[in-house]
Amino acid sequence: KKFIWFGYEPQHQTVVIGPVGLSSHSRGTAPEALEHGGFSIVLKKGKPARHRYRARPFMGPALTKEQPKLSAMWRDSVN
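A brief report on the enclosed structure follows. Since we're looking at a predicted model, the values are computed, not measured.

### As for the environment of Trp5
Position of Trp5 among the secondary structure elements: in strand S1 (residues 4–9). For Trp5, a relative accessible area of 55% puts it in the exposed group. Sequence spacing of Trp5 and Pro19 is 14 residues, and the spatial spacing of their C-alpha atoms is 6.2 Å. Apart from the residues lying within four places of it in its own chain, the contact partners of Trp5 are Val16, Ile17, Gly18 and Val20.

### So, the pairing of strand S2 (residues 14–19)
Relative to S2, S1 runs antiparallel, the two being bridged by six bridges. From the neighbouring strand, Ile4 faces S2, where its bridge partner is Pro19. Hairpin connection from S1 to S2: four residues lie between these consecutive antiparallel strands, with Gln13 at a positive phi of about 50°.

### Focus: the side chain of Glu35
Within the secondary structure layout, Glu35 lies in helix H1 (residues 30–36). With no salt bridge to any partner, buried Glu35 finds its closest opposite charge in Arg56, at an N-O distance of 11 Å. Here Met59 takes part through its backbone nitrogen, which lies 2.8 Å from a polar atom of the side chain of Glu35. Within the structure, Glu35 has its side chain in polar contact with the backbone nitrogen of Gly60 (distance 3.0 Å). Aside from chain neighbours lying at most four places away, what touches Glu35 is Ala55, Arg56, Pro57, Phe58, Met59, Gly60 and Pro61.

Parameters at a glance
Residues numbered from 1 in each chain as written. Predicted model: local features only at pLDDT ≥ 70, side-chain atom pairs only at ≥ 80, totals over all residues. Heavy atoms only, no water. Helix = DSSP H or I, 4+ residues; strand = E, 2+ residues; numbered from the N terminus. Buried < 20%, exposed > 50% of the residue type's maximum accessible area, 1.4 Å probe, protein only. Contact = heavy atoms within 4.5 Å. Pairing = 2+ DSSP bridges. Lys, Arg positive; Asp, Glu negative; His and termini not counted. Salt bridge = Lys/Arg side-chain N within 4 Å of Asp/Glu carboxyl O. Polar contact = N/O pair within 3.5 Å; in protein donor to acceptor, adjacent residues only side chain to side chain.

Here it is in structure tokens:
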């Protein structure tokens, strides 16, 4: 929970919600792989290695849980 952040842009009245990058030792699509399943490149002993992730959805369920709490102004802005 503490690594899901959001940012509000007042000029366009938009919000972006997503995971915070935690490690400079990995690259690829780990957040997407965790949400939907798939592969990401990680460094093991300084060498790139392909790692397979099973789907562990976190953003979709978080949105579903929090959506009723969103103000009426934002309700139609989130899909």
